[in-house]
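A structural walkthrough
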Protein chains: 2
Amino acid sequence: MERIRTTAIPTHTGEQVRIAGWLHSWRQMGGIHFLVIRDGWGTIQAVAETSEEIAPLVESGATFESIIAVEGRVVKEVQAPGGAELHDLHIEVITPVREAPPVPLNKRKLTTGLSTLLDHAPITDRHPSRRAVLRLASGVMSGFRRVLDGRGFTEIATPKIVAAATESGANVFQLDYFGRPAYLAQSPQFYKQIMVGVFERVYEVGPVFRAEEHDTARHLNEYVSLDMEMGFIENHFTIMAVLRDVLASILDTLHEQYEAELELLRVAMPIVPEQIPHVHFAEAQEWIYRTHGVDVRGEPDLSPQDERWLGQWAQQEYGSDFLYVTGYPMRKRPFYTYPDPERPEYSNSFDLLFRGTELVTGGQRLHRYEDYVAALEKAHLPMEPFAYYLEAFRYGMPPHGGFAIGSERLLMQLLGVPNVRLTTAFPRDIMRLVP
Amino acid sequence: MERIRTTAIPTHTGEQVRIAGWLHSWRQMGGIHFLVIRDGWGTIQAVAETSEEIAPLVESGATFESIIAVEGRVVKEVQAPGGAELHDLHIEVITPVREAPPVPLNKRKLTTGLSTLLDHAPITDRHPSRRAVLRLASGVMSGFRRVLDGRGFTEIATPKIVAAATESGANVFQLDYFGRPAYLAQSPQFYKQIMVGVFERVYEVGPVFRAEEHDTARHLNEYVSLDMEMGFIENHFTIMAVLRDVLASILDTLHEQYEAELELLRVAMPIVPEQIPHVHFAEAQEWIYRTHGVDVRGEPDLSPQDERWLGQWAQQEYGSDFLYVTGYPMRKRPFYTYPDPERPEYSNSFDLLFRGTELVTGGQRLHRYEDYVAALEKAHLPMEPFAYYLEAFRYGMPPHGGFAIGSERLLMQLLGVPNVRLTTAFPRDIMRLVP
């Protein structure tokens, strides 16, 4: 008999079906056995009322996480999860497991500490709550691609082994490339800009590597970056409008295709307003001074406290979880940042705050060759390692810009997960290389 | 006026439009200037019949690859590429370029040698023929995802920095991970198998890294691997059936969404038969002996010549460009390979040959913990570095298998490109780390 998915069971009431999966739980009450079988998509309850039915499990000594196939009749049962269960079972043990897993998977919550949970990720990732988060991680990538595919963007895959650090030498992993030093890409920044010269509109979903020694709840040393870059823009506001739609598409995708996961996690997803409110960096500092009495004017960046205040203001003033802060000072932005033509000490860049925390950084980039030469000089950076990058600008580049979203951090903030390590199957941090 | 794409021009006959892009070519014939403007999607001809119209270009000294915007009236012109061109031009120079690019981009073919072409990839990738290939690379990824998304697969992103080599220590890049040695993932093999324990069906599109010292037309040291793995299979034939559909989906996607690129490259795409023929490794050797008189029986692998003979046979016998060879000897397959239950010296694995060259490798994997312990022992491999991987099998895994497609090599063979380096924007080989 053809196997069906557990999630399809409710549509087969009265029929004989076959399912297969992991023995998720097994309770006994007055001679009746309640099994829950988990497959790649969901779970279903199977009820064995006789010792003959349960015999294959008992005789093989199979316990939780054993791989079993179950044939049975689908019975409507309001009390059962999903509204249906299997009766009159024929059980087949495919891969028996005879010892309990290191962390119990059949409680509603994973109660283990973070470190044990991550040590045993190959098992704990199976827990329905973990699985839901990891599935949403896939939905984030898919929602990102969906909107950009629809707007003529081309997906690119740029090299992760590079000859020189992208942004600064400080947080770069070094490797041995056939006897020469090489580095892991901290971002696809240079390559995605170059590819604007080829396709105008590009995106990449790929790993980036940061050798930062931070050991915080918000940092990973390897993460998935959702990068986009596009040409022929007016200024950074063009990019901000696309980012607004990208976020809306990600949230739409989660609602349309991952409702079961959102329900299981009981998450209230934010709503992306049609127009995300924006405030200029200098105005934001003035407002903080006026409203909170703290004089941060002249500071080159916003503090976490500043961002929280601004987040509250966006909520009160506009009912928005999102706020753009634009025009960060040039001296805190990378050398390729485009200055504000009216006030060149400020930049055509932005941060997107979500509930008072920075979520995305982006902006307009320089596009004229002479501007790059001057910018590198001003930053006391040598030309030579950037020669290949500069070539793109030497031979014609349009006004362009883009942004990068840290996929795990986005999911962390959307779900309100306390640690970014919980948004990925196998996190990498300063201490953790395994599993 | 809102800018439109060059590819949209033919639907705007008689209208006034605005386009923007790179000045691709500029010819003058008897006082008339023929400009070709290239944007991210195509090219369009613009004809300037007066010196006033062309003045902005002449006065700024702008030449090829300058970024310009052109307003004009769309005129049907059978002789023009695309069947339409712009007249009565108003030209605006956005980013003037005053020196010729290192490689001319406005000839139909890029005539430069491979090394120069790759050295100047930021520019040569702009050439329509290069751009078409790179766009098809995006189509390959998209076609791969499309079919698997439709079959309940979950996309995963597994770590690229790992604590130990996956398959063997021989071709692995080593890096410095906060003072400890670490390695770049040679494949997501272990992680995708572990994730079968979570989602049953998973795929990944991501970079893999091979420190092979080969300097051939077929090898890259970093490439995009299209990986899939699925549980609850019958045996390797289940995987082969999915691979057939994946290839068909990739080709369908190219035909549906990338016809312009295929036309430009004048490629005749193969047809994937409903059933790809298959032959067992041992039978293949017997057939080679009988037909070509070369006794390869007992050899643990097929030679390139063997593969070519088999490819010809598949073509003659079945009219198929594709042929599965199944049952490769266990001793040439990795330790996690599932043996043929009837003939345990052979494996439940396969190679897919395309026109006589290996294209994809896959098969069924071991799924019982005891089998892994025995296999590692037999291969004289230590248990400890595999502890996290073994944990998945210790706590219940179904029969499963999968395959990996080298994305660049697939495209190389589909297009008949002579060197795999030409299928990617910024190739990495033993000599090349830049651009």
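As the structure is a computational prediction, the values presented were derived from the model and not from experiment. (Residues numbered from 1 in each chain as written. Chains lettered and ligands numbered in written order. Predicted model: local features only at pLDDT ≥ 70, side-chain atom pairs only at ≥ 80, totals over all residues. Heavy atoms only, no water.)

Some details on the overall build of chain A
Regarding its fold elements, chain A presents twelve helices and 16 strands. If one aligns the C-alpha atoms of chain A with their principal axes, the spans along those axes are about 80 × 60 × 40 Å. The 435 residues of chain A split such that 61% are buried. Nonlocal contacts in chain A, meaning residues at least 24 apart in sequence, comprise 65% of its contacts between residues at least 6 apart. Put simply, chain A shows about 17,200 Å² of open surface, and 50% of that area lies on carbon and sulfur atoms. (Helix = DSSP H or I, 4+ residues; strand = E, 2+ residues; numbered from the N terminus. Buried < 20%, exposed > 50% of the residue type's maximum accessible area, 1.4 Å probe, protein only. Contact = heavy atoms within 4.5 Å. Areas by Shrake-Rupley, 256 points an atom, 1.4 Å probe, with all protein chains shown as cover.)

Section: the pattern of salt bridges
Under the criterion given, the structure shown has 54 salt bridges over all chains. The shortest N-O distance in the salt bridge between Arg151 of chain A and Asp245 of chain A comes to 2.6 Å. Of this pair, Arg151 of chain A sits in the loop between helix H4 (128-149) and strand E6 (154-155) while Asp245 of chain A sits in helix H6 (residues 236-257), and the two are 94 residues apart along the sequence. On the basis of relative accessible area, Arg151 of chain A is assigned to the partly exposed category, the value being 30%. The network of salt bridges with shared partners includes Arg145 and Glu155 of chain A together with Arg145 and Glu155 of chain B. (Salt bridge = Lys/Arg side-chain N within 4 Å of Asp/Glu carboxyl O.)

Examining helix H8 (residues 281-292) of chain A
Residue and element names in this part refer to chain A. If you check H8, its first and last C-alpha atoms are 16 Å apart, about what twelve residues at 1.5 Å a residue would give, namely 16 Å. Residues of H8 that are buried include every one of Phe281, Ala282, Ala284, Gln285, Trp287 and Ile288, and no others. Where H8 is buried, its residues touch strand E12 (278-280), helix H9 (304-318) and strand E13 (322-326). Positive backbone phi, at 70°, marks Gly293, one or two positions downstream of H8. (Expected span 1.5 Å × (residues − 1).)

Let's talk about the sheet that holds strand E5 (residues 84-95) of chain A
By way of backbone hydrogen bonds, the strands of a sheet pair with one another, either parallel or antiparallel. Residues and elements named next belong to chain A. Taken together, the five strands give a closed barrel; going around it, the order is E1-E2-E3-E5-E4, and neighbouring strands pair in mixed fashion. With direction set aside, neighbouring strand axes in the sheet form an average angle of 50°. With nine bridges joining them, strand E4 (residues 67-76) and E5 adopt antiparallel strand pairing. Paired with Val70 across the strands is Ile91, a residue of E5. (Pairing = 2+ DSSP bridges. Axes fitted to C-alpha atoms, helices over the stretch in contact; angles between N-to-C directions.)

Describing the pairing of strand E10 (residues 201-209) of chain A
Residue and element names in this part refer to chain A. Most of E10 is tucked away: nine of the nine residues are buried. Of the strand pairs in this sheet, E6 and E10 are connected by two bridges, and their pairing is parallel. Note on E10: the bridge partner recorded for Thr154 is Val202. The pairing of E10 with strand E11 (residues 222-231) spans nine bridges and is classified as antiparallel. Residue pairing across strands places Arg201 opposite Met230, the latter belonging to E11.

Describing the environment of Asp306 of chain A
Its place among the elements puts Asp306 of chain A in helix H9. As for Asp306 of chain A and His292 of chain A, which are separated by 14 residues in sequence, their C-alpha atoms are 9.6 Å apart.

Some words on the domain arrangement of chain A
Residue and element names in this part refer to chain A. Its domain assignment divides chain A into domain 1 (6-95) and domain 2 (124-423). Taking only C-alpha atoms into account, the centre of domain 1 sits 46 Å from that of domain 2. Taken together, the contacts link eight residues of domain 1 with four residues of domain 2. Taken together, the two surfaces of domain 1 and domain 2 that pack against each other cover about 470 Å², and 37% of this comes from carbon and sulfur. Between Glu65 and Arg126 there is a salt bridge, with the nearest N and O atoms lying 2.9 Å from each other. For the pair domain 1 and domain 2, the interface holds three residue pairs in polar contact (both at pLDDT 80 or more). Considering only residue class, the side of domain 1 that touches domain 2 consists of two nonpolar, three polar and three charged. (Domains from an automatic or database assignment. Buried area = accessible area lost by both parts, 1.4 Å probe. Polar contact = N/O pair within 3.5 Å; in protein donor to acceptor, adjacent residues only side chain to side chain. Nonpolar A, V, L, I, M, F, W, Y, C, P; charged D, E, K, R; others polar.)

Details of the UniProt feature "binding site: L-aspartate" (unreviewed entry) in chain A
Residue and element names in this part refer to chain A. The sites that carry the UniProt feature "binding site: L-aspartate" (unreviewed entry) are, in the present numbering, Glu167, Arg210, Thr361 and Arg365. For Arg210, the position within the fold is in the loop between E10 and E11. Residues in contact with Arg210, not counting those within four places in the same chain, are Asn171, Phe173, Gln186, Ser187, Asn221 and Tyr223. Taking the relative accessible area as the measure of exposure, Thr361 reaches 32% and is therefore partly exposed. Among residues more than four places away in sequence, those in contact with Thr361 are Arg333, Phe350, Asp351, Phe403 and Ala404. Side-chain polar atoms of Thr361 contact the side chain of Asp351, separated by 3.0 Å. (UniProt positions renumbered as here; feature names shortened; annotations may be inferred.)

Focus: the relation of the copies chain A and chain B
With an RMSD of 0.0 Å, the fit of chain A onto chain B corresponds to turning through 180° and sliding 0.0 Å along the axis. Within this description, the copies of the chain are treated as partners about a two-fold rotation axis. Rotation axis and chain A: the residue whose C-alpha lies nearest the axis is Leu175 of chain A, separated from it by 2.0 Å. Interface residue correspondence from chain A to chain B reaches 100%, placing this contact among same-surface, isologous pairings. (Least-squares fit on C-alpha atoms with pLDDT ≥ 70 in both.)

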